[in-house]
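Given next are the chains, with one letter for each unit.
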There are 2 protein chains.
Amino acid sequence: MYAALLAHIARYVALTPAETQAVSARFTCQTVPRKAHLFEAGQPCPGNYFVLQGCLRLYFVTEKGVEHITRFALENWWLTDYVSFLSQQPSALGIQAVEPTTVAVLSYQNQEALLAQVPALERYFRLLLQRTAAADQNRWMFQLRDSTEERYWHFSRSFPGFVQRVPQYMLASYLGCTPEFLSKVRAKANSGKATPGLAPKGGIS
Amino acid sequence: MYAALLAHIARYVALTPAETQAVSARFTCQTVPRKAHLFEAGQPCPGNYFVLQGCLRLYFVTEKGVEHITRFALENWWLTDYVSFLSQQPSALGIQAVEPTTVAVLSYQNQEALLAQVPALERYFRLLLQRTAAADQNRWMFQLRDSTEERYWHFSRSFPGFVQRVPQYMLASYLGCTPEFLSKVRAKANSGKATPGLAPKGGIS
DNA sequence: CGGATCGTTGATCAACTTCAACGGTCGTGG
DNA sequence: CCACGACCGTTGAAGTTGATCAACGATCCG
(Lines give C-alpha, C1' and ligand atoms only; values in the text may rest on other atoms or scores of the structure.)
Protein backbone atom coordinates (compact mmCIF):
# COMPACT_ATOMS: atom_id res chain seq x y z
CA MET A 1 0.00 0.00 0.00
CA TYR A 2 2.68 2.49 1.02
CA ALA A 3 5.55 0.92 -0.91
CA ALA A 4 7.02 4.26 -1.97
CA LEU A 5 6.83 5.61 1.56
CA LEU A 6 8.41 2.53 3.11
CA ALA A 7 11.15 2.59 0.48
CA HIS A 8 11.77 6.24 1.27
CA ILE A 9 12.11 5.50 4.98
CA ALA A 10 14.41 2.58 4.22
CA ARG A 11 16.80 4.97 2.50
CA TYR A 12 17.45 6.62 5.86
CA VAL A 13 16.85 4.04 8.61
CA ALA A 14 16.42 0.27 8.82
CA LEU A 15 13.18 -0.98 10.34
CA THR A 16 12.25 -4.44 11.57
CA PRO A 17 9.23 -6.11 9.95
CA ALA A 18 7.22 -5.37 13.10
CA GLU A 19 8.16 -1.70 12.94
CA THR A 20 7.32 -1.55 9.25
CA GLN A 21 3.94 -2.95 10.14
CA ALA A 22 3.48 -0.34 12.87
CA VAL A 23 4.32 2.42 10.40
CA SER A 24 1.80 1.23 7.83
CA ALA A 25 -0.90 1.06 10.48
CA ARG A 26 -0.48 4.72 11.42
CA PHE A 27 -1.02 6.18 7.97
CA THR A 28 -4.19 6.69 6.04
CA CYS A 29 -4.37 6.94 2.28
CA GLN A 30 -6.18 9.75 0.53
CA THR A 31 -6.80 10.33 -3.17
CA VAL A 32 -8.13 13.66 -4.37
CA PRO A 33 -8.91 15.18 -7.77
CA ARG A 34 -7.22 18.23 -9.24
CA LYS A 35 -7.95 21.44 -7.29
CA ALA A 36 -9.27 19.58 -4.24
CA HIS A 37 -8.06 20.79 -0.86
CA LEU A 38 -6.43 18.55 1.72
CA PHE A 39 -7.27 21.38 4.10
CA GLU A 40 -7.99 25.08 3.84
CA ALA A 41 -6.91 28.20 5.71
CA GLY A 42 -8.85 28.55 8.95
CA GLN A 43 -8.74 24.92 10.02
CA PRO A 44 -5.81 23.31 11.84
CA CYS A 45 -3.51 21.47 9.46
CA PRO A 46 -4.68 17.89 9.95
CA GLY A 47 -1.49 16.07 9.13
CA ASN A 48 1.88 15.58 7.59
CA TYR A 49 1.47 14.56 3.94
CA PHE A 50 3.68 12.24 1.93
CA VAL A 51 2.99 12.44 -1.79
CA LEU A 52 2.65 8.98 -3.36
CA GLN A 53 1.49 10.29 -6.72
CA GLY A 54 0.73 13.75 -8.03
CA CYS A 55 1.56 17.28 -6.94
CA LEU A 56 0.55 19.57 -4.06
CA ARG A 57 0.93 23.24 -3.34
CA LEU A 58 1.09 24.97 0.05
CA TYR A 59 -0.28 28.48 -0.34
CA PHE A 60 -1.96 31.42 1.35
CA VAL A 61 -4.14 34.32 0.25
CA THR A 62 -3.59 37.99 1.14
CA GLU A 63 -6.30 40.40 2.24
CA LYS A 64 -6.51 41.63 -1.35
CA GLY A 65 -7.10 38.13 -2.62
CA VAL A 66 -3.65 37.49 -4.07
CA GLU A 67 -2.42 33.89 -3.76
CA HIS A 68 1.16 33.09 -2.81
CA ILE A 69 2.67 29.60 -2.99
CA THR A 70 5.33 28.88 -0.39
CA ARG A 71 6.09 25.32 -1.44
CA PHE A 72 5.31 22.54 -3.90
CA ALA A 73 5.52 18.81 -3.23
CA LEU A 74 5.97 16.09 -5.83
CA GLU A 75 6.21 12.32 -5.47
CA ASN A 76 8.28 11.27 -2.45
CA TRP A 77 8.17 14.68 -0.81
CA TRP A 78 6.64 15.53 2.50
CA LEU A 79 4.48 18.61 2.89
CA THR A 80 2.73 20.26 5.80
CA ASP A 81 2.08 23.66 7.30
CA TYR A 82 4.61 23.32 10.09
CA VAL A 83 3.30 26.30 11.99
CA SER A 84 -0.21 24.90 12.26
CA PHE A 85 0.84 21.26 12.44
CA LEU A 86 3.03 21.89 15.49
CA SER A 87 0.65 24.24 17.29
CA GLN A 88 -2.56 22.55 16.16
CA GLN A 89 -3.98 26.04 15.76
CA PRO A 90 -5.97 27.16 12.71
CA SER A 91 -3.76 27.46 9.69
CA ALA A 92 -3.08 30.60 7.68
CA LEU A 93 -2.40 28.42 4.65
CA GLY A 94 -4.00 25.64 2.70
CA ILE A 95 -2.82 22.63 0.73
CA GLN A 96 -4.39 21.98 -2.65
CA ALA A 97 -3.83 19.31 -5.28
CA VAL A 98 -2.31 20.70 -8.46
CA GLU A 99 -2.97 17.37 -10.19
CA PRO A 100 -5.01 14.32 -9.22
CA THR A 101 -3.01 13.24 -6.20
CA THR A 102 -2.61 10.34 -3.80
CA VAL A 103 -1.05 10.98 -0.40
CA ALA A 104 -0.20 9.08 2.75
CA VAL A 105 -1.45 11.10 5.71
CA LEU A 106 0.11 11.07 9.16
CA SER A 107 -2.06 12.92 11.65
CA TYR A 108 -0.46 14.83 14.50
CA GLN A 109 -1.64 12.30 17.07
CA ASN A 110 -0.46 9.42 14.93
CA GLN A 111 2.91 11.03 14.38
CA GLU A 112 3.40 11.48 18.11
CA ALA A 113 2.28 7.93 18.79
CA LEU A 114 4.35 6.48 15.98
CA LEU A 115 7.52 8.24 17.07
CA ALA A 116 7.05 6.88 20.58
CA GLN A 117 6.47 3.43 19.15
CA VAL A 118 9.27 3.44 16.57
CA PRO A 119 12.08 5.67 17.85
CA ALA A 120 14.13 5.02 14.73
CA LEU A 121 11.75 7.38 12.96
CA GLU A 122 13.00 10.24 15.10
CA ARG A 123 16.20 9.82 13.16
CA TYR A 124 14.36 9.51 9.84
CA PHE A 125 12.54 12.78 10.36
CA ARG A 126 15.64 14.51 11.69
CA LEU A 127 17.60 13.55 8.59
CA LEU A 128 14.75 14.67 6.36
CA LEU A 129 14.45 17.99 8.13
CA GLN A 130 18.18 18.56 7.84
CA ARG A 131 17.88 18.08 4.09
CA THR A 132 14.92 20.43 4.05
CA ALA A 133 16.99 23.01 5.93
CA ALA A 134 19.79 22.62 3.39
CA ALA A 135 17.35 23.02 0.49
CA ASP A 136 15.84 26.09 2.12
CA GLN A 137 19.26 27.60 2.64
CA ASN A 138 19.94 27.21 -1.08
CA ARG A 139 16.58 28.71 -1.91
CA TRP A 140 17.40 31.78 0.17
CA MET A 141 20.76 32.10 -1.54
CA PHE A 142 19.05 32.21 -4.93
CA GLN A 143 16.45 34.62 -3.61
CA LEU A 144 19.09 37.04 -2.37
CA ARG A 145 21.57 36.71 -5.21
CA ASP A 146 19.54 36.35 -8.42
CA SER A 147 17.01 38.44 -10.28
CA THR A 148 13.53 37.03 -10.85
CA GLU A 149 14.47 36.19 -14.43
CA GLU A 150 17.57 34.30 -13.33
CA ARG A 151 15.56 32.46 -10.70
CA TYR A 152 13.03 31.38 -13.28
CA TRP A 153 15.65 29.89 -15.60
CA HIS A 154 17.50 28.32 -12.76
CA PHE A 155 14.32 26.74 -11.47
CA SER A 156 13.24 25.41 -14.82
CA ARG A 157 16.70 23.94 -15.36
CA SER A 158 16.77 22.43 -11.86
CA PHE A 159 13.37 20.79 -12.20
CA PRO A 160 13.07 19.91 -15.88
CA GLY A 161 9.55 18.79 -16.65
CA PHE A 162 8.11 20.38 -13.55
CA VAL A 163 7.51 23.63 -15.38
CA GLN A 164 5.20 21.68 -17.70
CA ARG A 165 3.30 20.13 -14.80
CA VAL A 166 2.09 23.30 -13.12
CA PRO A 167 0.36 26.31 -14.68
CA GLN A 168 2.53 29.32 -15.30
CA TYR A 169 0.70 31.51 -12.84
CA MET A 170 1.56 29.11 -10.01
CA LEU A 171 5.22 29.22 -10.96
CA ALA A 172 5.03 33.00 -10.84
CA SER A 173 3.34 32.85 -7.45
CA TYR A 174 6.08 30.56 -6.11
CA LEU A 175 8.88 32.67 -7.54
CA GLY A 176 7.36 35.86 -6.19
CA CYS A 177 6.47 37.64 -9.41
CA THR A 178 3.44 38.20 -11.65
CA PRO A 179 2.33 35.81 -14.40
CA GLU A 180 2.70 38.70 -16.85
CA PHE A 181 6.34 39.09 -15.99
CA LEU A 182 7.09 35.39 -16.46
CA SER A 183 5.32 35.51 -19.78
CA LYS A 184 7.56 38.35 -20.92
CA VAL A 185 10.69 36.53 -19.74
CA ARG A 186 9.73 33.53 -21.83
CA ALA A 187 8.84 35.65 -24.83
CA LYS A 188 12.24 37.31 -24.70
CA ALA A 189 13.97 33.93 -24.74
CA ASN A 190 11.93 32.66 -27.68
CA SER A 191 12.65 35.65 -29.84
CA GLY A 192 16.38 35.11 -29.45
CA LYS A 193 16.75 38.27 -27.39
CA ALA A 194 17.48 36.52 -24.09
CA THR A 195 20.18 37.94 -21.90
CA PRO A 196 23.23 35.80 -22.71
CA GLY A 197 23.70 33.01 -20.21
CA LEU A 198 20.18 33.17 -18.92
CA ALA A 199 18.19 31.30 -21.54
CA PRO A 200 17.56 27.60 -21.05
CA LYS A 201 20.23 25.33 -22.46
CA GLY A 202 18.97 24.22 -25.89
CA GLY A 203 15.98 26.51 -25.88
CA ILE A 204 12.53 25.86 -24.59
CA SER A 205 11.51 22.24 -24.96
CA MET B 1 30.36 25.18 31.27
CA TYR B 2 27.49 24.68 28.86
CA ALA B 3 24.67 25.55 31.23
CA ALA B 4 22.65 27.44 28.63
CA LEU B 5 23.01 24.61 26.14
CA LEU B 6 22.03 21.93 28.64
CA ALA B 7 19.07 24.03 29.75
CA HIS B 8 18.02 24.39 26.14
CA ILE B 9 18.16 20.63 25.57
CA ALA B 10 16.21 20.08 28.79
CA ARG B 11 13.37 22.15 27.38
CA TYR B 12 12.82 19.45 24.76
CA VAL B 13 14.04 16.12 26.17
CA ALA B 14 15.00 14.75 29.58
CA LEU B 15 18.52 13.37 29.91
CA THR B 16 20.04 11.19 32.62
CA PRO B 17 23.08 12.58 34.44
CA ALA B 18 25.26 10.16 32.48
CA GLU B 19 23.81 11.38 29.20
CA THR B 20 24.27 14.99 30.23
CA GLN B 21 27.87 14.17 30.91
CA ALA B 22 28.22 12.53 27.50
CA VAL B 23 26.78 15.64 25.86
CA SER B 24 29.19 18.00 27.59
CA ALA B 25 32.13 15.84 26.59
CA ARG B 26 31.31 16.10 22.88
CA PHE B 27 31.29 19.89 22.66
CA THR B 28 34.16 22.31 22.53
CA CYS B 29 33.94 25.92 23.55
CA GLN B 30 35.16 28.74 21.35
CA THR B 31 35.32 32.47 22.00
CA VAL B 32 36.05 34.87 19.17
CA PRO B 33 36.30 38.65 18.84
CA ARG B 34 34.05 40.77 16.66
CA LYS B 35 34.50 40.12 12.91
CA ALA B 36 36.37 36.84 13.49
CA HIS B 37 35.33 33.91 11.33
CA LEU B 38 34.30 30.53 12.68
CA PHE B 39 34.96 29.33 9.15
CA GLU B 40 35.13 30.90 5.72
CA ALA B 41 33.81 30.02 2.27
CA GLY B 42 36.02 27.37 0.65
CA GLN B 43 36.48 25.16 3.68
CA PRO B 44 34.03 22.52 4.85
CA CYS B 45 31.76 23.82 7.61
CA PRO B 46 33.47 22.38 10.69
CA GLY B 47 30.47 22.10 12.95
CA ASN B 48 27.09 22.92 14.26
CA TYR B 49 27.28 26.05 16.43
CA PHE B 50 25.22 26.87 19.49
CA VAL B 51 25.53 30.52 20.52
CA LEU B 52 26.18 30.90 24.26
CA GLN B 53 26.82 34.63 24.05
CA GLY B 54 26.95 37.10 21.20
CA CYS B 55 25.74 37.11 17.60
CA LEU B 56 26.71 35.31 14.40
CA ARG B 57 25.90 35.77 10.74
CA LEU B 58 25.83 33.14 7.97
CA TYR B 59 26.65 34.83 4.69
CA PHE B 60 28.06 34.46 1.21
CA VAL B 61 29.70 36.72 -1.34
CA THR B 62 28.75 37.02 -5.02
CA GLU B 63 31.19 37.15 -7.92
CA LYS B 64 30.87 40.93 -7.88
CA GLY B 65 31.82 41.07 -4.22
CA VAL B 66 28.36 41.72 -2.78
CA GLU B 67 27.70 40.10 0.60
CA HIS B 68 24.36 38.45 1.38
CA ILE B 69 23.33 37.28 4.83
CA THR B 70 21.07 34.23 4.87
CA ARG B 71 20.71 33.97 8.65
CA PHE B 72 21.62 35.45 12.00
CA ALA B 73 22.00 33.59 15.29
CA LEU B 74 21.69 35.06 18.77
CA GLU B 75 22.01 33.47 22.21
CA ASN B 76 20.41 30.02 22.36
CA TRP B 77 20.19 29.63 18.61
CA TRP B 78 21.91 26.99 16.52
CA LEU B 79 23.65 27.95 13.31
CA THR B 80 25.43 26.01 10.60
CA ASP B 81 25.76 25.80 6.84
CA TYR B 82 23.58 22.71 6.47
CA VAL B 83 24.64 22.11 2.89
CA SER B 84 28.31 21.88 3.77
CA PHE B 85 27.80 20.38 7.20
CA LEU B 86 25.86 17.43 5.79
CA SER B 87 28.03 16.84 2.75
CA GLN B 88 31.33 17.79 4.41
CA GLN B 89 32.21 19.50 1.13
CA PRO B 90 33.72 22.99 0.93
CA SER B 91 31.20 25.62 1.91
CA ALA B 92 29.91 28.43 -0.28
CA LEU B 93 29.25 30.46 2.85
CA GLY B 94 31.03 31.60 5.97
CA ILE B 95 30.09 32.28 9.56
CA GLN B 96 31.39 35.46 11.17
CA ALA B 97 30.94 36.97 14.61
CA VAL B 98 28.94 40.19 14.54
CA GLU B 99 29.91 40.81 18.19
CA PRO B 100 32.42 39.19 20.52
CA THR B 101 30.89 35.73 20.68
CA THR B 102 31.14 32.47 22.61
CA VAL B 103 29.84 29.29 21.00
CA ALA B 104 29.57 25.60 21.80
CA VAL B 105 30.81 23.66 18.77
CA LEU B 106 29.61 20.21 17.79
CA SER B 107 31.74 18.77 14.99
CA TYR B 108 30.15 16.53 12.39
CA GLN B 109 31.92 13.46 13.77
CA ASN B 110 30.95 14.35 17.31
CA GLN B 111 27.36 14.94 16.31
CA GLU B 112 27.19 11.51 14.67
CA ALA B 113 28.83 9.87 17.64
CA LEU B 114 26.74 11.74 20.16
CA LEU B 115 23.47 10.87 18.45
CA ALA B 116 24.45 7.20 18.47
CA GLN B 117 25.38 7.49 22.13
CA VAL B 118 22.36 9.52 23.28
CA PRO B 119 19.39 8.66 21.03
CA ALA B 120 17.15 11.09 22.90
CA LEU B 121 19.02 13.83 21.07
CA GLU B 122 17.60 12.61 17.78
CA ARG B 123 14.32 13.83 19.16
CA TYR B 124 15.85 17.08 20.39
CA PHE B 125 17.23 17.93 16.98
CA ARG B 126 14.08 16.81 15.20
CA LEU B 127 11.98 19.14 17.36
CA LEU B 128 14.41 21.98 16.80
CA LEU B 129 14.44 21.46 13.06
CA GLN B 130 10.65 21.40 12.98
CA ARG B 131 10.62 24.77 14.68
CA THR B 132 13.21 26.01 12.21
CA ALA B 133 11.00 24.79 9.37
CA ALA B 134 8.05 26.65 10.87
CA ALA B 135 10.11 29.84 11.23
CA ASP B 136 11.33 29.52 7.67
CA GLN B 137 7.81 29.07 6.41
CA ASN B 138 6.84 32.30 8.10
CA ARG B 139 9.86 34.05 6.65
CA TRP B 140 8.82 32.99 3.15
CA MET B 141 5.31 34.23 3.77
CA PHE B 142 6.64 37.66 4.66
CA GLN B 143 8.99 37.58 1.70
CA LEU B 144 6.17 36.84 -0.74
CA ARG B 145 3.51 39.05 0.78
CA ASP B 146 5.22 42.20 2.02
CA SER B 147 7.25 44.98 0.48
CA THR B 148 10.81 45.54 1.65
CA GLU B 149 9.65 48.46 3.74
CA GLU B 150 6.96 46.40 5.45
CA ARG B 151 9.45 43.61 6.07
CA TYR B 152 11.84 46.02 7.72
CA TRP B 153 9.25 47.34 10.17
CA HIS B 154 7.92 43.90 10.84
CA PHE B 155 11.42 42.61 11.54
CA SER B 156 12.32 45.46 13.84
CA ARG B 157 9.07 45.02 15.74
CA SER B 158 9.55 41.25 15.96
CA PHE B 159 13.09 41.51 17.29
CA PRO B 160 13.18 44.70 19.32
CA GLY B 161 16.71 45.54 20.29
CA PHE B 162 18.22 43.36 17.60
CA VAL B 163 18.17 46.22 15.13
CA GLN B 164 20.47 48.07 17.53
CA ARG B 165 22.85 45.13 17.78
CA VAL B 166 23.77 44.78 14.13
CA PRO B 167 24.92 47.45 11.68
CA GLN B 168 22.28 48.71 9.28
CA TYR B 169 24.03 47.38 6.20
CA MET B 170 23.80 43.85 7.59
CA LEU B 171 20.08 44.24 8.15
CA ALA B 172 19.76 45.39 4.55
CA SER B 173 21.78 42.41 3.39
CA TYR B 174 19.54 40.03 5.32
CA LEU B 175 16.32 41.67 4.11
CA GLY B 176 17.52 41.68 0.53
CA CYS B 177 17.83 45.38 -0.15
CA THR B 178 20.49 48.08 -0.20
CA PRO B 179 21.66 50.02 2.88
CA GLU B 180 20.65 53.21 1.06
CA PHE B 181 17.08 52.03 0.77
CA LEU B 182 16.82 51.13 4.45
CA SER B 183 18.23 54.52 5.30
CA LYS B 184 15.50 56.22 3.29
CA VAL B 185 12.80 54.07 4.86
CA ARG B 186 13.95 55.16 8.30
CA ALA B 187 14.24 58.79 7.27
CA LYS B 188 10.67 58.74 6.02
CA ALA B 189 9.41 57.41 9.36
CA ASN B 190 11.33 60.01 11.36
CA SER B 191 9.97 62.91 9.38
CA GLY B 192 6.41 61.81 10.09
CA LYS B 193 5.81 60.92 6.46
CA ALA B 194 5.67 57.18 6.98
CA THR B 195 3.02 55.23 5.15
CA PRO B 196 0.21 54.87 7.69
CA GLY B 197 0.36 51.56 9.47
CA LEU B 198 3.96 50.91 8.56
CA ALA B 199 5.88 52.97 11.06
CA PRO B 200 7.06 51.36 14.27
CA LYS B 201 4.61 51.50 17.11
CA GLY B 202 5.60 54.46 19.24
CA GLY B 203 8.26 55.69 16.86
CA ILE B 204 11.89 54.78 16.69
CA SER B 205 13.33 54.05 20.10
C1' DC C 1 -21.43 26.65 -29.24
C1' DG C 2 -20.40 29.34 -25.04
C1' DG C 3 -18.09 30.37 -20.90
C1' DA C 4 -14.25 29.98 -18.01
C1' DT C 5 -9.51 29.64 -17.60
C1' DC C 6 -4.94 30.82 -18.74
C1' DG C 7 -1.32 32.92 -21.29
C1' DT C 8 0.18 37.14 -23.99
C1' DT C 9 1.05 41.94 -25.12
C1' DG C 10 1.62 46.86 -24.54
C1' DA C 11 1.43 51.26 -21.89
C1' DT C 12 2.03 53.33 -17.70
C1' DC C 13 3.58 53.40 -12.97
C1' DA C 14 5.91 52.30 -8.47
C1' DA C 15 9.58 50.14 -5.92
C1' DC C 16 14.01 49.75 -5.45
C1' DT C 17 18.99 50.17 -7.27
C1' DT C 18 23.05 52.51 -8.60
C1' DC C 19 26.33 55.92 -8.25
C1' DA C 20 28.46 59.73 -6.28
C1' DA C 21 29.14 62.84 -2.71
C1' DC C 22 28.97 64.22 2.02
C1' DG C 23 29.02 63.87 7.29
C1' DG C 24 29.39 61.81 11.76
C1' DT C 25 31.77 58.65 14.91
C1' DC C 26 35.15 55.84 16.68
C1' DG C 27 39.54 53.82 17.41
C1' DT C 28 44.40 54.19 16.73
C1' DG C 29 48.93 56.05 16.17
C1' DG C 30 51.74 60.10 16.30
C1' DC D 1 45.33 64.82 23.22
C1' DC D 2 44.65 65.53 18.73
C1' DA D 3 44.43 64.14 13.97
C1' DC D 4 43.78 61.06 10.72
C1' DG D 5 41.58 57.40 8.35
C1' DA D 6 38.25 53.72 8.18
C1' DC D 7 33.80 52.72 8.64
C1' DC D 8 29.06 53.53 8.32
C1' DG D 9 24.93 55.99 7.67
C1' DT D 10 22.63 59.67 4.77
C1' DT D 11 21.05 62.23 0.76
C1' DG D 12 19.81 63.17 -3.98
C1' DA D 13 19.56 62.29 -9.11
C1' DA D 14 19.07 59.10 -12.59
C1' DG D 15 18.28 54.46 -14.06
C1' DT D 16 16.21 49.45 -13.90
C1' DT D 17 13.35 45.98 -12.67
C1' DG D 18 9.18 44.31 -12.19
C1' DA D 19 4.01 45.58 -11.04
C1' DT D 20 -0.40 47.10 -12.55
C1' DC D 21 -4.12 47.55 -15.59
C1' DA D 22 -6.62 46.59 -19.56
C1' DA D 23 -7.39 44.27 -23.67
C1' DC D 24 -6.99 40.40 -26.61
C1' DG D 25 -6.30 35.19 -28.00
C1' DA D 26 -6.05 30.47 -27.40
C1' DT D 27 -7.58 26.30 -25.37
C1' DC D 28 -10.33 23.32 -22.92
C1' DC D 29 -14.43 21.35 -21.40
C1' DG D 30 -19.22 21.02 -20.57
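Cut-offs used in this document
Residues numbered from 1 in each chain as written. Chains lettered and ligands numbered in written order. Predicted model: local features only at pLDDT ≥ 70, side-chain atom pairs only at ≥ 80, totals over all residues. Heavy atoms only, no water. Salt bridge = Lys/Arg side-chain N within 4 Å of Asp/Glu carboxyl O. Helix = DSSP H or I, 4+ residues; strand = E, 2+ residues; numbered from the N terminus. Buried < 20%, exposed > 50% of the residue type's maximum accessible area, 1.4 Å probe, protein only. Near = heavy atom within 4 Å. Polar contact = N/O pair within 3.5 Å; in protein donor to acceptor, adjacent residues only side chain to side chain. Nonpolar A, V, L, I, M, F, W, Y, C, P; charged D, E, K, R; others polar. Contact = heavy atoms within 4.5 Å. Buried area = accessible area lost by both parts, 1.4 Å probe. Pairing = 2+ DSSP bridges. Axes fitted to C-alpha atoms, helices over the stretch in contact; angles between N-to-C directions. Domains from an automatic or database assignment. Parallel < 35°, antiparallel > 145°, perpendicular 65-115°, else oblique.

Residues and elements named next belong to chain A. This structure, assessed with the given rule, holds 16 salt bridges over all chains. Where R165 meets E99, a salt bridge forms, and the shortest distance between an N and an O atom there is 2.7 Å. Of this pair, R165 sits in helix α7 (residues 162–165) while E99 sits in the loop between β7 (94–97) and β8 (101–107); the two residues are 66 residues apart in sequence, bridging distant segments of the chain. For R165, a relative accessible area of 29% corresponds to the partly exposed category. E99 sits in the buried class, given a relative accessible area of 16%.

Phi is positive for K35(A), which is not a glycine, with a value near 75°. Tracing the backbone shows K35(A) in the loop between β1 (28–32) and β2 (37–39). Phi at Q88(B) is positive, roughly 60°, even though this residue is not glycine. As for its position among the elements, Q88(B) is in the loop between α3 (82–87) and β7 (94–97). Looking at Q88(B), the relative accessible area reads 29%, which means it is partly exposed.

To continue, consider the protein's contact with DNA strand C. Looking at DNA strand C, there are 16 residues lining it, with Q168(A), S183(A), T148(B), C177(B) and T178(B) nearest. Here a phosphate oxygen of DNA strand C sits 3.1 Å away from a polar atom, N or O, in the side chain of T178(B). At the level of elements, α8 (168–175) and α9 (179–190) of chain A together with α9 (179–190) of chain B are the ones that each hand at least two residues to the surface near DNA strand C. Element by element, the count of residues in the surface near DNA strand C is highest for α9(A), at 4 residues.

We now examine the protein's contact with DNA strand D. In the vicinity of DNA strand D, 16 residues are found, and the nearest of them are T148(A), C177(A), T178(A), Q168(B) and S183(B). The contact atoms of DNA strand D, taken as those within 4 Å of the protein, divide so that sugar and phosphate hold 67%. In the environment of DNA strand D, a base nitrogen lies 3.5 Å from a nitrogen or oxygen atom belonging to the side chain of E180(A). Note that a phosphate oxygen of DNA strand D is positioned 2.8 Å from one of the side-chain N or O atoms of S183(B). For the surface near DNA strand D, the secondary-structure elements that each account for two or more residues are α9 of chain A together with α8 (168–175) and α9 of chain B. For the surface near DNA strand D, the element with the highest residue contribution is α9(B), accounting for 4 residues. Across the surface near DNA strand D, the residue classes tally to 5 nonpolar, 6 polar and 5 charged.

Another point: the interface of chain A and chain B. Counting from both sides, the interface comprises 37 residues of chain A and, opposite them, 37 residues of chain B. Buried surface at the junction of chain A and chain B, summed over both partners, amounts to about 3,400 Å²; 67% is from carbon and sulfur atoms. The three residues of chain A that bury the most area against chain B are R126(A), W140(A) and L144(A), which together make up 23% of that side's buried surface. Counting across the chain A and chain B interface gives 4 salt bridges. Between E122(B) and R123(A) there is a salt bridge, and its shortest N-O distance comes to 2.8 Å. Broken down by secondary-structure element, the contributors of at least two residues to the side of chain A that touches chain B are β4 (56–61), β5 (67–73), α3 (82–87), α4 (108–117), α5 (120–145) and α8 of chain A. The biggest single contributor to the side of chain A that touches chain B is α5(A), with 18 residues. Per-class residue counts for the side of chain A that touches chain B are 17 nonpolar, 11 polar and 9 charged.

Turning our eyes to something else, we now look at the sheet that holds strand β4 (residues 56–61) of chain B. All names here are of chain B. As summarised here, the arrangement of the 4 strands in space is β2-β7-β4-β5, forming an open sheet in which the pairing is antiparallel. One side of each edge strand has no neighbouring strand; the edge strands of this open sheet are β2 (37–39) and β5 (67–73). Along the sheet, successive strands turn relative to each other by an average axial angle of 30°, direction set aside. Pairing between β4 and β5: 6 bridges, direction antiparallel. What sits directly across from V61, in β5, is E67. Sitting on the sheet, α8 is in contact with β4 and β5, with an inclination near 95° to β5.

With that settled, the discussion passes to the environment of V118(A). Residues and elements named next belong to chain A. Residue position: V118 is located in the loop between α4 and α5. Between the alpha carbons of V118 and C45 there is a distance of 23 Å; along the sequence they are 73 residues apart. If we skip the residues at most four places from it in the chain, V118 touches L15, E19 and A22.

To continue, consider the domain arrangement of chain A. Residue and element names in this part refer to chain A. According to the domain assignment, chain A contains domain 1 (3–119) and domain 2 (135–190). Each of domain 1 and domain 2 has a C-alpha centre, and these two points are 24 Å apart. In this complex, domain 1 contributes 14 residues to the contact, which on the side of domain 2 involves 10 residues. Here domain 1 packs against domain 2, burying approximately 1,100 Å² in sum over the two surfaces, 57% of which is carbon and sulfur. It is I69, F72 and L74 in domain 1 that bury the most area against domain 2; as a group they hold 42% of the surface buried on that side.

All names here are of chain B. Running from amino to carboxyl end, helix α4 (residues 108–117) crosses helix α5 (residues 120–145) at an angle of 120°, the nearest separation of the two axes being 6 Å. By the angle between their directions, the pair α4 and α5 is classed as oblique. Where α4 approaches α5, its residues Q111, L114 and L115 are matched on the opposing element by L121, E122 and F125. Tallied by class, residues from the contact of α4 with α5 come to 4 nonpolar, 1 polar and 1 charged.

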